[in-house]
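Tertiary structure, described
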Amino acid sequence: MWGPLLALAAFAPAVGVGLGAPGASAPELARPATTGAPGSTPAPRSSPALQPAKANGTVKQHTWIRVVRKKKVILKKRKKPTSPSSPVTAKPLVTTSPARMLNLLEKQEPGCPPLGLESLRVSDSQLEASSSQSFGLGPHRGRLNIQSGLEDGDLYDGAWCAEQRDTEPWFRVDARKPTRFSGIVTQGRNSIWRYDWVTSYKVQFSNDSQIWWGSQNLSSGMDAVFPANSDPETPVLNLLSEPQVARFIRLLPQTWLEGGSCCLRAEILGCPISDTNDLFPEAHALGSSDPLDFRHHDYKAMRKLMKQVNEQCPNITRIYSIGKSYQGLKLYVMEMSDHPGEHELGEPEVRYVAGMHGNEALGRELVLLLMQFLCREYLRGDPRVTRLLSEMRIHLLPSMNPDGYEIAYRRGSELVGWAEGRWTYQSIDLNHNFADLNTPLWDAEDDGLVPHTVPNHHLPLPTYYTLPNATVAPETRAVINWMKRIPFVLSANLHGGELVVSYPYDMTRTPWAGRELTPTPDDAVFRWLSTVYAGTNRVMQDTDRRPCHSQDFTLHGNIINGADWHTVPGSMNDFSYLHTNCFEVTVELSCDKFPHESELPQEWENNKDALLTYLEQVRMGISGVVRDKDTEEGIADAVIAVDGINHDVTTAWGGDYWRLLTPGDYMVTASAEGYHSVTRTCWVTFEEGPTPCNFLLTKTPKQRLRELLAAGAKVPPDLRRRLERLRGQKD
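Residues numbered from 1 in each chain as written. Predicted model: local features only at pLDDT ≥ 70, side-chain atom pairs only at ≥ 80, totals over all residues. Heavy atoms only, no water.

Applicable threshold: UniProt positions are given in the numbering used here, feature names are shortened, and annotations may be inferred rather than shown by experiment.
You'll find the protein chain entered in an unreviewed UniProt entry as Probable carboxypeptidase X1, with Cavia porcellus given as the organism. In its Function (unreviewed entry) section, the UniProt entry covering the protein chain states "May be involved in cell-cell interactions. No carboxypeptidase activity was found yet." Entered under Cofactor (unreviewed entry) in the UniProt record, the comment concerning the protein chain runs "Zn(2+)".

Have a look at this one:
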């Protein structure tokens, strides 16, 4: 994922902006950008990263030059003279000689990952500053992409901001061990009320927080001044011309927006250095024992990986497409079952959907990892996985918005920002693009028409939504048609940017209300499902974790009613519940929407058990088959109603159904057109597996007569006389 990020940063010297490169004096570097920030336009993925040049030396280094000629990109290699690095003003390490420090540097891989300010791997106690305007603008808020609350001045503001009277502000990060610092990413303050950002800064390093040395401009020998931001949200990357090994790094803002405050959000790029002297405690290593493909996959790589899984496990997998994006990228689904390609009577259908917002990349990778894991563990004979694949049919859609993801992927994990790539190529937010079925249902309920006149389930699409000129994305239409073809029972919609599980309804019942508790008739089931995922997610279980942004969801068990968080008209969760049989929740997987690929192994471990346990919840409740008593054939579209719950489900084409319920005793009624209804008691226990609850329905006399007449049979004399008497009574 660092390919596009480094290419973008290295492109900066070629267009005349800092990074401590020769050819730009210190005053030039300090000048605030006026027309755009470095890093705001990414270089093509085919362009290698250009390294900052060095002057007055004899050491030769290969650099790449990008030549554009008649739409062809030609890469030429030439030799460029470089010089040895300039000495720093303090020892790079407390107890290590310069020669040993050089050996440590040579062992490091280029392209250091982020320390983890955004992902919260860096704790609040590791961040300090010279001053703060308020607690809500303290150094703990100086994290890349952190989002503010609705009100400025509260405990959850959108950046670190120094006091107005602070003439020498600084923002410091303690890496807690020797680290090879290689770059800095900055943003301004996230706020809907103010505009504040830093336009230039210096960088210093220390091993003891007392003696500091600066990153130098190699041409002038002076402290380098790095160009920063020209707007509050666009992340700007500066790579150090000479990476520095130290424990502490601090940013010293030099200039900021005129009339604004000195405010910034940041991420630090750094590689940990092996501490042979054991002076610092070892941090918990990020990793997983599963031999899976832990990297970010663009469209081509995703397609290749899915094909590899299919070839490795051909007997339990099938790849199919449900449609195309606006730009023609296929929406691929991996089906996993012991009998792929067919709906087996009595087996429920479940799905995971990821990538609805293209820049929320973690869900996409978790779904790809899950299909690899299921394949591998099935081949190894893992009993849990074998049972999953034999008792249900799993559908995995890793990318609902592939166009948006490609935009985000090209920007890179640290430079994509908070919103770029979120929408489709048509600038449509897919989670607001499904039909609003809540409003017509609630209007009918207010008029007393539900359920006798207006059904409480499978609400039809509104007329406006089916018009040719309706603003409905092709991705949305593809998913709706997918929902209609397959009788899904359970689903989760994987998002990013928070750590919480939200459940329907997502839309507030009171018009124009920004947030309001709006539960469904199945609130107990949705709370159960949400709690299961949150309770088995490693990070959500951590009671000591700090909030991602402006709300502490740990106070409520890391679950929330969607409408009580913020209203979302046209959400996929609400649509699934009201238009189909499917119960769906939204899982916000991580504070970081697009984590660096070095963090993917740990994110997989955080979510692996939760992903499996959530699928297993399709077994809760009751299931069965509704059949014709005479023919014993399944009855399609029979209605299953539970007394006291104003939401029904229907049977699939074979007459089988699944009704998610929490433990208890229920009066359940099965009905179908042309049949007498049947009611029976069904007990849901705490035992694993659904409670069987089958029904045999008898045709009504009227239905029998219709079938006889339709078949061209003669009406029996006694039935004819009975019908004549009934007609006479009516006359």
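There is more to say after this.
1. Considering the overall build of the protein chain
As a reminder, the rule being used: Secondary structure elements are defined from DSSP: runs of H or I of at least 4 residues count as helices, runs of E of at least 2 residues count as strands, and each element is numbered from the N terminus. Residue exposure (1.4 Å probe, protein chains only): buried if accessible area is under 20% of the type maximum, exposed if over 50%, otherwise partly exposed. Every residue pair with non-hydrogen atoms within 4.5 Å of one another is taken to be in contact. The protein chains shown are the only cover counted for residues, whose accessible areas, like all others here, come from Shrake-Rupley with a 1.4 Å probe.
Within the protein chain, the regular secondary structure consists of 16 helices and 26 strands. The buried share of the protein chain, reckoned over its 731 residues, is 55%. The contacts of the protein chain with a sequence gap of at least 6 include a subset with a gap of at least 24, amounting to 76%. Total accessible area on the protein chain is roughly 32000 Å²; 52% of this is exposed by carbon and sulfur atoms.

2. Examining the confidence of the model for the protein chain
Applicable threshold: pLDDT: the predictor's confidence for each residue, scored from 0 to 100.
Here the protein chain averages 85 in pLDDT, and 83% of its residues register 70 or above. pLDDT under 50 marks residues 1-110. Its contacts with residues more than four places away, or in other chains, come to 194 contacts.

3. A word on the sheet that holds strand β21 (residues 649-650)
Defined as follows: Any two strands between which DSSP finds at least two bridges are classified as paired.
Read from one edge of the open sheet, four strands run β21-β20-β23-β24, paired in antiparallel fashion. The open sheet is flanked by β21 and β24 (678-684), the only strands paired with a single partner. As paired elements, strand β23 (residues 664-671) and β24 share seven bridges and run antiparallel to each other. What sits directly across from Val-668, in β24, is Arg-680.

4. Notes on helix α14 (residues 600-616)
Condition: Working rule for helices: expected span equals 1.5 Å times residues minus one. In this analysis the local bend is the angle between axes fitted, respectively, to the seven residues ending at and the seven residues starting at the residue.
With 17 residues, α14 should reach 24 Å at 1.5 Å per residue; the first-to-last C-alpha distance of 24 Å fits that figure. In the structure, α14 departs most strongly from a straight axis at Asn-607, where the bend amounts to approximately 40°. The element α14 is extensively covered by neighbouring structure, given that 16 of its 17 residues are classed as buried.

5. Quick word on a nonpolar patch on the surface
To keep things clear, this is the line we draw: A residue counts toward a patch only above 30% relative accessible area and without a salt bridge, and it is joined to like-charged neighbours within 9 Å or, for Val, Leu, Ile, Met, Phe, Trp and Tyr, to nonpolar neighbours within 5 Å. By definition here, a salt bridge exists when the distance from a side-chain nitrogen of Lys or Arg to a carboxyl oxygen of Asp or Glu is within 4 Å.
Taken together, the side chains of Leu-150, Ile-192 and Trp-193 make up a nonpolar region of the molecular surface, amounting to roughly 410 Å² of accessible area. Summarising the element assignment, Trp-193 is placed in the loop between β5 (171-187) and β6 (198-206). Look at Trp-193 and you get exposed, because its relative accessible area is 55%.

6. Here's the deal with the nonpolar core
The cut-off we apply is this: By nonpolar core is meant a set of buried Ala, Val, Leu, Ile, Met, Phe, Trp, Tyr and Cys residues that side-chain atoms within 4.5 Å join together.
Membership of the largest hydrophobic core comes to 99 residues, with the highest contact counts inside it found for Met-336, Tyr-352, Trp-482 and Leu-529. Top contributing element to this core by residue count: helix α5 (residues 362-379), with ten residues. Apart from residues no more than four positions distant in its own chain, Trp-482 is found in contact with Tyr-320, Ile-322, Val-333, Arg-351, Val-353, His-395, Leu-397 and Phe-488. Judged by nonpolar contacts, the second largest core, of 28 residues, contains Ala-129, Ile-184, Ala-224 and Ala-266.

7. Description of the sheet that holds strand β18 (residues 583-588)
Selection criterion: Only the contacting stretch of a helix is used when fitting its axis, a line to C-alpha atoms as for every element, and angles between N-to-C directions run 0 to 180 degrees.
Judged by pairing direction, the sheet is mixed, and its eight strands sit side by side in the order β11-β12-β14-β13-β15-β18-β16-β17 without closing on themselves. Of all the strands in the sheet, just β11 (317-324) and β17 (559-561) have a single pairing partner and so form its edges. In this sheet, neighbouring strand axes are inclined to one another by 20° on average, regardless of whether the strands run parallel or antiparallel. Pairing between strand β16 (residues 500-503) and β17: three bridges, direction parallel. Across the sheet, residue Ser-502 finds its bridge partner in β17, namely Ile-560. Along the sheet, helix α9 (residues 474-485) contacts β11, β12 (330-336), β13 (349-354), β14 (393-397) and β15 (488-495); its crossing angle with β11, the most-contacted strand, is approximately 130°.

8. Notes on the packing of aromatic side chains
Put simply, the test is: Classification of ring pairs uses Phe, Tyr and Trp, with its six-membered ring standing for Trp, and accepts pairs whose centres are within 6.5 Å; under 30 degrees between planes counts as stacked, over 60 as edge-to-face, and the remaining range as tilted.
Scanning all chains against the criterion turns up 21 aromatic pairs. Between Phe-434 and Phe-575, the aromatic rings sit 5.4 Å apart at their centres with planes inclined by 45°, giving tilted as the arrangement. Here Phe-575 lies in helix α13 (residues 572-579) and Phe-434 lies in the loop between α7 (402-411) and α8 (438-446), a separation of 141 residues in the sequence. Following the ring pairs from residue to residue traces out a cluster consisting of Trp-442, Tyr-505, Phe-526, Tyr-577 and Phe-583.

9. Describing the packing of helix α10 (residues 523-536) against α14
Selection criterion: The cut-offs work like this: below 35 degrees is roughly parallel, past 145 is roughly antiparallel, 65 to 115 is roughly perpendicular, and the gaps in between are oblique. Left-handed is the label given to a crossing in which the near helix is rotated counterclockwise from the far helix by less than a right angle, and right-handed is the label when the rotation is clockwise. Each residue is assigned to one class: nonpolar for Ala, Val, Leu, Ile, Met, Phe, Trp, Tyr, Cys and Pro, charged for Asp, Glu, Lys and Arg, and polar for all the others, Gly among them.
Between α10 and α14, the least distance of the axes is 8 Å, while the angle of their chain directions is 155°. The angle between α10 and α14 falls in the class roughly antiparallel. Classified by chirality, the crossing of α14 by α10 is right-handed. For the pair α10 and α14, contact is made by Leu-529, Val-532, Tyr-533 and Thr-536 and by Asn-606, Asn-607, Asp-609, Ala-610, Leu-611, Thr-613 and Tyr-614, respectively. Looking at the contact of α10 with α14, its residues break down into six nonpolar, four polar and one charged.

10. Some thoughts on the state of the cysteines
As a reminder, the rule being used: Only a pair of cysteine sulfur atoms within 2.5 Å qualifies as a disulfide here.
Scanning the model with the defined rule gives five disulfides in all. The disulfide that involves Cys-161 links it to Cys-263, with 1.9 Å between the sulfurs. The S-S bond linking Cys-161 to Cys-263 shows a torsion near 115°; that makes this disulfide right-handed. In this pair, Cys-161 is assigned in strand β4 (residues 160-161) and Cys-263 in strand β10 (residues 263-272), connecting sequence segments 102 residues apart. Comparing Cys-161 with Cys-263, the two get one shared label, buried. Note on cysteine connectivity: Cys-682 is disulfide-linked to Cys-693, with sulfurs 1.7 Å apart. Residue Cys-682 is found in strand β24, and its partner Cys-693 is found in the loop between β25 (691-692) and β26 (695-697); the two are separated by eleven residues along the sequence.

11. Quick notes on the pairing of strand β19 (residues 622-628)
With six of seven residues buried, β19 lies mostly within the body of the structure. Pairing of β19 with β25 involves two bridges; the strand directions are parallel. Of the residues in β25, the one forming a bridge with Ile-622 is Thr-691. Note: β19 against β26, three bridges, orientation parallel.

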